[in-house]
Amino acid sequence: MKNKLWIIVAFLFGLTLFGCQTTTTYYQGAKADEEGVVNLPLGKVEGQRWQDLYIAVDYSFDRQGNQLDIDGALSFSDSSKINYTRVPDLKLKLFLLDRDLRVIDYLDIARTLSTSLDAITTFSNRVPLKDGVVSFTFGYEGSFVDSDPESPSSNHVWKLPKRKF
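Everything quoted here is computed from the prediction, not taken from an experiment.

(A) Structural detail: the environment of Ser124. With respect to the element layout, Ser124 can be found in strand E7 (residues 121-128). The exposure class of Ser124 is exposed, given its relative accessible area of 63%. Setting aside residues up to four positions removed in sequence, Ser124 forms contacts with Ile70 and Asp71.

(B) Structural view of the sheet that holds strand E3 (residues 55-64). Overall, antiparallel pairing links the four strands, which are arranged E2-E3-E4-E7 in an open sheet. Pairing within the sheet leaves two strands with one partner each, and these edge strands are strand E2 (43-51) and E7. Going across the sheet, the axis of each strand differs from the next one's by a mean of 15°, ignoring polarity.

(C) Expanded view of the side chain of Ser80. Mapped onto the fold, Ser80 is located in helix H2 (residues 78-83). Filtering out sequence-adjacent residues up to four positions away, Ser80 remains in contact with Leu53, Tyr54, Leu117 and Phe144.

(D) Broad picture of the packing of aromatic side chains. Taken as a whole, this structure holds 15 aromatic pairs when the rule is applied. Ring centres of Tyr27 and Tyr106 lie 5.3 Å apart, and the angle between their planes is 80°; on these two criteria the pair is classed as edge-to-face. With Tyr27 in the loop between helix H1 (2-24) and strand E1 (38-39) and Tyr106 in strand E6 (residues 103-116), this residue pair connects regions lying 79 residues apart in the sequence. Taken as a pair, Tyr27 and Tyr106 share a single burial class, namely buried. Seen from their ring centres, Trp50 and Tyr140 are 6.4 Å apart, and the 75° between their planes marks the pair as edge-to-face.

(E) Molecular detail of the pattern of salt bridges. Across all of its chains, the model carries nine salt bridges by this definition. Residue Arg111 is joined to Asp89 by a salt bridge in which the shortest nitrogen-to-oxygen separation is 2.8 Å. Of the two residues, Arg111 sits in strand E6 while Asp89 sits in strand E5 (residues 84-97), which places them 22 residues apart along the sequence. Looking at Arg111, the relative accessible area reads 45%, which means it is partly exposed. Here Glu141 makes a salt bridge to Lys93, at a shortest N to O gap of 3.4 Å. Of this pair, Glu141 sits in strand E8 (residues 135-146) while Lys93 sits in strand E5; the two residues are 48 residues apart in sequence, bridging distant segments of the chain. By relative accessible area, which is 5% here, Lys93 ends up buried. Salt bridges sharing common partners tie together Asp33, Lys159 and Lys162.

Thresholds, definitions, all that
Residues numbered from 1 in each chain as written. Predicted model: local features only at pLDDT ≥ 70, side-chain atom pairs only at ≥ 80, totals over all residues. Heavy atoms only, no water. Helix = DSSP H or I, 4+ residues; strand = E, 2+ residues; numbered from the N terminus. Buried < 20%, exposed > 50% of the residue type's maximum accessible area, 1.4 Å probe, protein only. Contact = heavy atoms within 4.5 Å. Pairing = 2+ DSSP bridges. Axes fitted to C-alpha atoms, helices over the stretch in contact; angles between N-to-C directions. Phe/Tyr/Trp six-rings, centres within 6.5 Å; stacked < 30°, edge-to-face > 60°. Salt bridge = Lys/Arg side-chain N within 4 Å of Asp/Glu carboxyl O.

Structure follows, in structure tokens:
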């Protein structure tokens, strides 16, 4: 009986590890839209802006060899402020791309939780660059709560590279 229990525990542990691994590679190979893609030259680039219907990202970066230091601030657009009252959860993602705009690597670089739409979320990250990374783009996924006081509802939003199925 102990052997069966041990096998079940080992199987569940392995399944958990496999599930965690899958989530870290989910977007690898997905294709990013050309709009908003930033080339990664060596050296420092300051005062940049990436924006979308829902968010804006003001950022600077410094690439030294196979390392990228990126810092900035995530804010919400006027459109978001007009149509919604708060953000229960939103993750800002950095997608590292190859020459064909395919995702080689990605990570969450900022997150808001139960945030006012007037809030600014700052970030600062040091990112190792894998071979083949020549550019990056931002993406996000999260939800907003609308401004209807009698019947508020949540709206899930995202901007992510497209995966092939």
